[in-house]
Amino acid sequence: MVLLLFFSCDEKNKNLITPLNNSNNINEAEYVIDSSYSLGDVRRYGIFPNIEIGNHQKYKKNKINVILDLAESGQEITFPTGHYNTNLILKGREDVNIHFNNVSFSGQIQIIEDELGKESRNINLLGTLKTYNKFFSRKSQNISIDTLIIASDTLKNNYNKRSLGCNIYGGTKHLNIKKLIVEDLGSGDEYYKFSVAALQIHGWDNNPEYINISEAIIEKSDRHGVYITGNNNSIDKLLIKKVGLGTINYNNGLEDAETEELKFISALWMNKLNNSKISNVTIDCRNSKANYTVNFDEGSSGEPTVIDYLQIINNDSNIKMLPNDLTNIVVRHFKTQNE
């Protein structure tokens, strides 16, 4: 599996978050509902864990949008520990700084463009953040996230469904995540049709670029484990466990992927991934039902992607690899072992 190709990958992109923009100052006092809480604490503006989140009493405006307005004005926002029954959607937002103290959301976390096409940019999400639904990014850039967890709990999900995983979609650039954990990806009906891998980094004709993840852990997936396309992307440490536990039926496909290939579940699928790097990959095959451990699909031979260390463990079922004659993947060190 080791291809003797020369590797020339750009240096990992550094954190590009810029200082907060104070040019959009608003009167914070007008948004206050409970002044007993400190400045920037979301409870000050009527947002409490484990309580239905409605509109701001005075402005009849969604309270999440109220705190995002405050954040854009330069106010640092803090969510105290707890579970919040809402989505967290940033549409066309700029210069947002939010702290999460072990916080979970029943709905999706999205960082996307607004209705006029304005990108979200300079988004800084600090602390530990969990969703029981999905993380989704699109046409946005300069995003920094400390710890992001996508979990499954049908009692805490706003649709009483399992997780939809992590989807980093077209037009996302310069996204840095220190730690990403996908605990589960569901399947079984139309609800899951846009989630074909627990972690999918893709987007036809506008593939994500400079996506940097320090550590990613895929605990369990009914479908593929990780599907990556794009340019100048990197993962320092990647662990993939149980995949292929459900059904691939009801899917809307993956960008740049052949429909027929979707049926053959892979723990790691790298397709049209150029000038990128994964430092350390471990695929644990115990209790996995994958067709392939890795699918090294096609890529640009002049822009090789390197895996420094690839380790496959507990492969008692002898799950095979799927190389492509047109692949650009270089594996420098490879080993298998059973524990």
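In the block above lies the structure referred to throughout.
Remember, predicted model here, so these are calculated numbers, not experimental data. (Residues numbered from 1 in each chain as written. Predicted model: local features only at pLDDT ≥ 70, side-chain atom pairs only at ≥ 80, totals over all residues. Heavy atoms only, no water.)

A.B. asks: Run through the overall build of the protein chain, naming residues and quoting values.
C.D. replies: A count of helical and extended segments in the protein chain gives one helix and 20 strands. Dimensions of the protein chain, computed from the C-alpha atoms along their principal axes, are close to 60 × 40 × 35 Å. Considering the protein chain as a whole, with its 339 residues, one finds that 54% of them fall into the buried category. Summed over its atoms, the accessible surface of the protein chain is roughly 14500 Å², and 44% of this surface lies on carbon and sulfur atoms. In the protein chain, which carries 36 positive and 41 negative side-chain charges, the distance between the mean positions of the two groups comes to 4 Å. (Helix = DSSP H or I, 4+ residues; strand = E, 2+ residues; numbered from the N terminus. Buried < 20%, exposed > 50% of the residue type's maximum accessible area, 1.4 Å probe, protein only. Areas by Shrake-Rupley, 256 points an atom, 1.4 Å probe, with all protein chains shown as cover. Lys, Arg positive; Asp, Glu negative; His and termini not counted. Charge placed at Lys NZ, Arg CZ, Asp CG, Glu CD.)

A.B. asks: Can you tell me about the environment of Lys277, naming the residues and giving the values?
C.D. replies: Mapped onto the elements of the fold, Lys277 is located in strand 16 (residues 277-284). Classification of Lys277 by relative accessible area gives partly exposed; the value is 26%. For Lys277 and Asn231, which are 46 residues apart along the polypeptide, the C-alpha to C-alpha distance reads 9.8 Å.

A.B. asks: Could you give an account of the pairing of strand 18 (residues 305-313), naming the residues involved and the relevant values?
C.D. replies: Burial analysis of strand 18 places eight of its nine residues in the buried class, which makes it a mostly covered element. Here seven bridges tie strand 16 to strand 18, and the two strands are oriented parallel to one another. Counted as the bridge partner of Thr282 is Gln311 from strand 18. In the sheet, strand 18 pairs with strand 20 (residues 329-337) via eight bridges, with the strands oriented parallel. When the sheet's bridge partners are listed, Thr305 is paired in strand 20 with Ile329. (Pairing = 2+ DSSP bridges.)

A.B. asks: Before we move on, can you summarise the pattern of salt bridges with the specific residues and values?
C.D. replies: In the structure shown here, the tally under the stated rule is 18 salt bridges. Among the ionic pairs, Lys161 bridges to Asp189, the shortest N-O distance being 2.6 Å. A residue pair is termed long-range when its members are at least 10 positions apart, and Lys161 in the loop between strand 8 (141-150) and strand 9 (166-168) and Asp189 in the loop between strand 10 (173-182) and strand 11 (197-201) qualify at 28 residues. A residue is classified by how much of its surface remains accessible, and Lys161, at 24% relative accessible area, is partly exposed. (Salt bridge = Lys/Arg side-chain N within 4 Å of Asp/Glu carboxyl O.)

A.B. asks: Describe the environment of Glu119, with residues and values.
C.D. replies: Assignment of secondary structure puts Glu119 in the loop between strand 5 (109-112) and strand 6 (121-131). A relative accessible area of 24% places Glu119 in the partly exposed class. Each residue touching Glu119, except ones within four places of it in the same chain, is listed here: Gly92, Arg93, Glu113, Lys139, Ser140 and Gln141. There is a polar contact of 3.1 Å between the side chain of Glu119 and the side chain of Arg121. (Contact = heavy atoms within 4.5 Å. Polar contact = N/O pair within 3.5 Å; in protein donor to acceptor, adjacent residues only side chain to side chain.)

A.B. asks: How would you sum up the packing of aromatic side chains? Please name residues and give values.
C.D. replies: Enumeration according to the criterion identifies 11 aromatic pairs in this entry. Aromatic side chains Tyr159 and Tyr191 sit 5.9 Å apart centroid to centroid with 55° between the ring planes, which places their arrangement in the tilted category. Of the two residues, Tyr159 is situated in the loop between strand 8 and strand 9 and Tyr191 in the loop between strand 10 and strand 11; the sequence distance between them amounts to 32 residues. Given the relative accessible area of 56%, Tyr159 is considered exposed. The class of Tyr191 is partly exposed, set by a relative accessible area of 22%. Cluster of aromatic residues (ring-pair linked, three or more members): Phe79, Tyr84, Phe100 and Phe105. (Phe/Tyr/Trp six-rings, centres within 6.5 Å; stacked < 30°, edge-to-face > 60°.)

A.B. asks: Would you mind going over the environment of Ile26 in detail, with residue names and values included?
C.D. replies: You can see Ile26 is positioned in the segment before helix 1 (63-72). Ile26 sits 81 residues away from Gly107 along the chain, and the two C-alpha atoms are 28 Å apart.

A.B. asks: Give me the lowdown on the nonpolar core, citing residues and values where you can.
C.D. replies: Judged by nonpolar contacts, the single largest core of 78 residues is most densely connected at Phe79, Leu180, Leu268, Ile307 and Leu310. No other element matches the six residues that helix 1 contributes to this core. Ile149, Ala151, Ile181 and Ile217 belong to the second-largest nonpolar core, a separate cluster that totals five residues. (Core = buried A, V, L, I, M, F, W, Y, C linked by side-chain atoms within 4.5 Å.)

A.B. asks: Account for the pairing of strand 5, with residues named and values stated.
C.D. replies: Here strand 5 shows a buried face lined by Ile109 and Ile111 and a second buried face lined by Gln110 and Ile112. Sheet topology places strand 3 (residues 88-91) next to strand 5; four bridges connect them, and they run parallel. Following the sheet pairing, Ile89 is matched in strand 5 by Gln110. Where strand 5 and strand 7 (residues 135-137) come together, three bridges link them in parallel fashion. Of the residues in strand 7, the one forming a bridge with Ile111 is Ser137.

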